[in-house]
Amino acid sequence: RGCSPWASRWCVPAAVAASMVALGFVSPAPPVRSVRLTSAALPRRSGSEKLAAAPMASRLYGQGDLDRDFCGSAAAAAAASCVAAVGLKKGNQHSLRRRTTPLPTVLHRQQVSGPSVVRESSATAVDQLSASEDVFGFVQFQQTRQPFGAGAVLVDPLHGRRWEFMASDALFSICFDAVSAVYDWLDSCQDVDESIQWATELNGAFSPVSPARAAPLTVKSGSLPLDLSGAFLRVGPNPAFWPPKKRTHVFDGDGMVHTVRISGGEALYNCAFMETTRWRIEQQLGVEWFSRLGEFEGISGLAKLLLAQATGNKLTGLRVIEMSTANTAVVVTPEKKLWALNESGLPFRFQLDEVGFPTSLGFDTLEGTLKTNMSAHPKFDQRTGETFFHSSSAASESPFYVSRSINGIITDRIELSVSEGFHHDLFITEKYVVVVDGSMRFDPRSIVDGEPLWMFTPEQRLRFGLWPRSAGKMTADDFIWIESAEAAEIVHALHAYDDEDGKVVLWAPVGRELKGSRSVVFGDIGPCQMHRIVIDVAAATIDIQGVAGSELRTEFPRIRDDRVGNRVRYGYSALQGEGSCEFNFVGFAKWDFEAGGLAQTIHFPEGVVGGEPIFVPSTAAQQGDGDDNGYIAMFLWDSKSRESTFTLYDARTMSPEPVVEMHVPRRVPMGFHGLWVTEDEFGKRVARGSEVA
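Asks: Can you explain the overall build of the chain? Please cite residues and give values.
Replies: Assigned secondary structure in the chain consists of nine helices and 41 strands. Counting the 693 residues in the chain, one finds 60% classified as buried. Carbon and sulfur atoms provide 52% of the accessible area of the chain, an area that totals close to 26300 Å².

Right, here's the structure in full:
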């Protein structure tokens, strides 16, 4: 604090250089071997700060890696301290908050063989587990439903690995304390209350809740169709620690899946956390340990980013793809697996019990073939059983991959030359897999300036990369890149198909530049509006056309899930109200792709907001009758009465009067993407997800 200009110029580079030296000048790691640490050297504190050894899902790869990790962590802590000290002004108005951060125990990795077992030091039972299930050993341990404890052993039979919890040694304790102390101090320099203003919008629509099981819904108006049977699912962020002690973005919450199980004319509401590795670690520590998106703001945010990058999360031993919150989307795969997705990590697998309550299983590596993260919106072709998705991150050095899986195994993965944009979705037709490369670009300078992380870049024109599915094996050379004449961004695709002339037609909300606009994610981009985009592959041109209804602000578009990749007539999207809140969805629209524009809209009563319109096929529609023969399902939130309801609208008639509106006996937070699981999927496969090979 109060450093001279000379110090400001040279202290930060010197500190960073020192970190790099510490990280680089160490001996290479030897082969993996057993390194047992003891608890004899654990430091102790008195009173409320007495440290209890708590496990963390860490992996140690040998003593060489151990030394390097510790040196890097300590050096990075010093570097981050220097950055913060140089950049922060005197007289910071936020007081220093001291938190008790329990020391983690260390998870030890060994190669093992033999029967797959799970053991807890405090338990007498030994559970036999199936070796065919493609999930981390963490999953099998979780199935004991017992708390972690020192001496616990996790087994991953598929990958031949075993993890064992043991108490840490003094060196680990020192480094953990050093990094924790730096994070605590940096936390004290940030305004947490300002970062959670989103929780007060729409009268608390996003405020977190606790889990619930089998809560009966009561009819408020209309009647529940007696022949409707299945489960409605919707996922969203739900911070497990509230109020938070770290700056928290609306996207930072732990994934929570909300369900409505419908059967026999009755409906039950459930919700549960996706018990990811980071969720379980933080539950054991009792504090928010992992970095949040909301923390990366200002000089202190830059210091945190440097600290996180320099340590490489060595203190947890987790790869970035193992730290997902699984809070963005829920899908059912062609193999009938249920996934909760966040594009920074692996797909997280869960199942439903007979009343629709979600139970976590663990990260799915597709039988060890998935080595990277998966986007939040993979595309499933139900005709062929293929799954297509991309993998990317905001870091400029991170590769951009496009992959295909068949029968739950990755068969193709290719790297493409794509810069660090906001690559959230892709789309498929019967003939093509298409990558969207829009005009939003990640700008690290936004962290210091307190601006959105992705800014509209007018120099970057919208372009598409098309891979002909007839090519067989996927290669980068087969991708056809076509650039538009204008800059634009597409966050979510509604529907795409191949027309009679061989052109690809895409319907999607499109955002264009609007200087000065700001949202929780984007900067300098205007509201998204529905457009018809014609991609002429032969002429290498793109025509972005307005349609009837293009004046509406709209997002979260959907068609019926089993028709993705096929040509359909109707689709639906949420309508956004005025104001800065991006999730102020005041109704939804129906789009007619044959007529060429808006078909009908439904607007909710004043003060009521909804979400993504999920198509629920009627019994006749499940037999192939029509793209709009069914219902639109969603949760509604009345911001005046603070009441949550589950509602079905007639997707064909688009009557403003719901088919049924059911009172939920507790508040349901607003969230992101949803899913309808048919009774066939629910009863035959999904409800017994742990038995699916």
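Here the narrative resumes.
Asks: Which residues make up the sheet that holds strand β22 (residues 440-442), and what values do they have?
Replies: The four strands lie next to each other as β22-β23-β29-β28, forming an open sheet whose pairing is mixed. At either margin of the open sheet sits one strand with a lone partner, and together these are β22 and β28 (513-518). Taking each pair of neighbouring strands and ignoring which way they run, the sheet shows an average axis angle of 30 degrees. Judged from the two bridges that link them, strand β23 (residues 454-456) and strand β29 (residues 522-525) form a sheet pairing that is parallel. By the bridge assignment for β29, Met-455 is matched with Gly-523.

Asks: Tell me about the confidence of the model for the chain, residues and numbers included.
Replies: Here the chain averages 77 in pLDDT, and 71% of its residues register 70 or above. Per-residue pLDDT stays below 50 along residues 1-74; that stretch engages in 142 contacts with residues further than four places along the chain or on separate chains. Here residues 83-168 is a poorly scored stretch, pLDDT under 50, and it has 264 contacts once near neighbours within four places are set aside; other chains count.

Asks: Talk me through the layout of surface pockets; I want residue IDs and the actual numbers.
Replies: If you add up the space inside the second largest pocket, you get close to 820 Å³. In this structure, the second largest pocket is lined by 41 residues; those nearest its centre are Arg-558, Arg-560, Asp-561, Asp-562 and Val-564. Contributing elements (two or more residues each) for the lining of the second largest pocket: β12 (329-332), β16 (379-381), β20 (426-428), β26 (495-498), β32 (554-558), β37 (614-617), β41 (674-678) and α9 (679-684).

Asks: Requested: an account of helix α6 (residues 277-285), with residues and values cited.
Replies: Judged by how many residues are buried, α6 sits mostly within the fold: seven of nine residues are covered. Following α6 by one or two positions, Gly-286 adopts a phi angle in the positive range, close to 80 degrees.

Asks: So what about the pattern of salt bridges? Which residues, and what values?
Replies: One pass over the structure, following the stated rule, counts 41 salt bridges. Salt-bridge contacts for Glu-681 lead to Lys-336; the nearest nitrogen and oxygen are separated by 3.5 Å. With Glu-681 in helix α9 and Lys-336 in the loop between β12 and β13 (338-341), the pair connects residues that are 345 residues apart, well separated along the chain. Judged by its relative accessible area of 13%, Glu-681 falls in the buried class.

Asks: Tell me about the packing of aromatic side chains, residues and numbers included.
Replies: Counted by the stated rule, this structure contains 25 aromatic pairs. When the ring of Tyr-572 is compared with that of Phe-615, the centres are 6.3 Å apart and the planes differ by 20 degrees; the resulting orientation is stacked. Of this pair, Tyr-572 sits in strand β33 (residues 570-576) while Phe-615 sits in strand β37; the two residues are 43 residues apart in sequence, bridging distant segments of the chain. A relative accessible area of 1% places Tyr-572 in the buried class. Taking the relative accessible area as the measure of exposure, Phe-615 reaches 7% and is therefore buried. The rings of Phe-206, Phe-251, Phe-556, Phe-583, Phe-585 and Phe-672 are connected pair by pair, giving a single aromatic cluster. Its end group placed over the ring of Tyr-401, Arg-413 keeps NZ or CZ at 4.0 Å from the ring centre. Here the guanidinium or amino end of Lys-590 rests over the ring plane of Tyr-570, the centre of that ring lying 4.3 Å away.

Asks: Could you give an account of the side chain of Asn-270, naming the residues involved and the relevant values?
Replies: Within the secondary structure, Asn-270 is located in strand β11 (residues 266-273). A distance of 2.9 Å separates the side chain of Asn-270 from the backbone oxygen of Val-355, its partner in a polar contact.

Asks: Please set out the sheet that holds β41 residue by residue, giving values where relevant.
Replies: With respect to topology, five strands assemble into an open sheet ordered β7-β11-β10-β9-β41, the strand pairing being antiparallel. In this open sheet, the two edge strands, each paired with only one partner strand, are β7 (212-216) and β41. The mean inter-strand angle of the sheet, taken between neighbouring strand axes irrespective of direction, is 15 degrees.

Cut-offs used in this document
Along each chain, residue indices are assigned from 1 in the same order as the chain's sequence is written. Given that the model is predicted, a residue must reach a pLDDT of at least 70 before its local features are reported, and side-chain atom pairs must reach 80 or more before they are shown or counted; all residues, however, enter totals for whole chains, interfaces and linings. Only hydrogens and water are set aside; all other atoms, that is, all heavy atoms of the structure, feed into the side-chain values. Secondary structure elements are defined from DSSP: runs of H or I of at least 4 residues count as helices, runs of E of at least 2 residues count as strands, and each element is numbered from the N terminus. Three exposure classes are used, based on accessible area relative to the maximum for each residue type with a 1.4 Å probe and protein chains only: buried under 20%, partly exposed in between, and exposed over 50%. Only the protein chains shown count as covering a residue, and every accessible area follows the Shrake-Rupley method with a 1.4 Å probe. Two strands qualify as a pair provided that DSSP identifies no fewer than 2 bridges between them. Axis definition: a line fitted to C-alpha atoms, over the contacting stretch in the case of helices. Angles run 0 to 180 degrees between N-to-C directions. pLDDT measures how confident the predictor is about each residue, on a scale from 0 to 100. The contact definition used throughout considers only heavy atoms, calling two residues in contact when any of these lie within 4.5 Å. Site definitions follow a grid-based scheme: protein atoms alone, a 1 Å grid, a 1.4 Å probe that fits but cannot get out for cavities, and for pockets an open set with protein on both sides within 12 Å along at least five of seven lines, plus lining residues having an atom within 4 Å of a point. Grid points are joined across faces, edges and corners, and a volume is the space filled by probe spheres set on the points. A side-chain nitrogen of Lys or Arg and a carboxyl oxygen of Asp or Glu constitute a salt bridge if their distance falls within 4 Å. Aromatic pairs are defined between Phe, Tyr and Trp rings, using the six-membered ring for Trp, whenever the two ring centres lie within 6.5 Å; interplanar angles under 30 degrees are classed as stacked, those over 60 as edge-to-face, and all others as tilted. Charge over a ring is defined by NZ of Lys or CZ of Arg lying within 6 Å of the ring centre and within 35 degrees of the ring normal. Any pair of nitrogen or oxygen atoms within 3.5 Å is treated as a polar contact; in protein, a donor-acceptor pairing is required on top of that, and neighbouring residues in sequence qualify only through side-chain atoms on both sides.

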